[in-house]
Amino acid sequence: MNLHSYPDPVVAAEACAGYIATKLAEALAVRGYATLAISGGNSPKPMFARLISAELPWDRLHVFWVDERAVSPDDPESNYRLANETLLSKVPIPATNVHRIRAELVPEEAARDYEREIRGFFRLAHGQMPAFDVMHRGMGPDAHTASLFPGESLIEDRAGLVAAVYVEKKQQWRVTLLPGPLLAARDTVMLVTGGDKAEPLRAVLQGPVDPVHFPAQLMPQGEPTAAWFLDEAAARLLAKA
Ligand code: 6PG
């Protein structure tokens, strides 16, 4: 298990940014360009801020989203707005390299639109999954990841790429990558901070495998399946290896 724990959530987020920059540089060296899929929420803010100074060749980086709330891009709830305000507006990334989810559309249309964007960019054959070079995900206090919340039947889907989902507990439509792309990522980085994540993190990492109830368990195969960047508050219940 590739766990990195830090006393402070900001330090954990900044270390996560350093790892992402390293993995993107490795991908760039192989293919000449790299793809990064990012999540939203609060914990990524210092991670985005740290990426500004990572001196990455943004003209060769393509940014996608793991999920998005069904709101306009200037809505305070928007994951795009968060990333744009804290990172993308501060680096020389061409607009054509920013592949946002057009969540201002009707959710189902936004999902189809985003899927078309992904299929076109990755030139996917039928049944093929996109292999994002770096997939950044978080985990909610209920062990959700992306916008796949516990009990969501789409957690068992392995064929689809993108879906519109209604999240009952948030009373909100979301557009999210489905498990297929999550499982196909070349490198997955999980940024999980905050004391409210300690119990679910213990269940996700050390409990029985049950992704329908612990969606953050959705992980690519192989070792290590992901790099986890934690603060001590989130890691406090983990049995010492
Ligand atoms: C979202 C995110 C979501 C996030 C978790 C954790 O749209 O909310 O994509 O999956 O990663 O909710 O959020 P925090 O890191 O802010 O706790």
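Preceding this section is the structure that the text describes.
How each quantity is defined
Residues numbered from 1 in each chain as written. Predicted model: local features only at pLDDT ≥ 70, side-chain atom pairs only at ≥ 80, totals over all residues. Heavy atoms only, no water. Near = heavy atom within 4 Å. Polar contact = N/O pair within 3.5 Å; in protein donor to acceptor, adjacent residues only side chain to side chain. 1 Å grid on protein atoms, 1.4 Å probe; cavity = no way out; pocket = protein on both sides within 12 Å on 5 of 7 lines; lining within 4 Å. Sits in = over half its atoms within 2 Å of the grid points. Nonpolar A, V, L, I, M, F, W, Y, C, P; charged D, E, K, R; others polar. Pairing = 2+ DSSP bridges. Helix = DSSP H or I, 4+ residues; strand = E, 2+ residues; numbered from the N terminus. Axes fitted to C-alpha atoms, helices over the stretch in contact; angles between N-to-C directions.

Participant: Looking at this model, I keep getting lost on the site of the ligand. Mind explaining?
Facilitator: The full set close to the ligand counts 15 residues, and Asn-42, Ser-43, Asp-67, Ala-146 and Lys-197 are the nearest of them. Contacts to the ligand include His-144, whose side-chain N or O atom sits 2.8 Å from an oxygen atom. One of the side-chain nitrogen or oxygen atoms of Arg-174 is found 3.5 Å away from an oxygen atom of the ligand. With respect to the detected pockets, the ligand is housed in the largest pocket. Residues belonging to the shell around the ligand are distributed by class as follows: two nonpolar, nine polar and four charged.

Participant: Whenever I open this one, the sheet that holds strand 8 (residues 172-177) confuses me. Can you help?
Facilitator: Sheet strands associate in pairs through backbone hydrogen bonding, adopting either a parallel or an antiparallel arrangement. Across the sheet, which stays open at both edges, the three strands sit in the order 4-8-7 with antiparallel pairing between neighbours. Of all strands in the sheet, those bounded by a partner on one side alone are strand 4 (67-69) and strand 7 (162-167). Within the sheet, the average angular offset between the axes of one strand and its neighbour, ignoring direction, is 20°. Two strands pair when backbone bridges link them, and strand 7 and strand 8 are joined in this way by six bridges, in the antiparallel orientation. Across the sheet, the residue bridging to Tyr-166 is Trp-173, located in strand 8.

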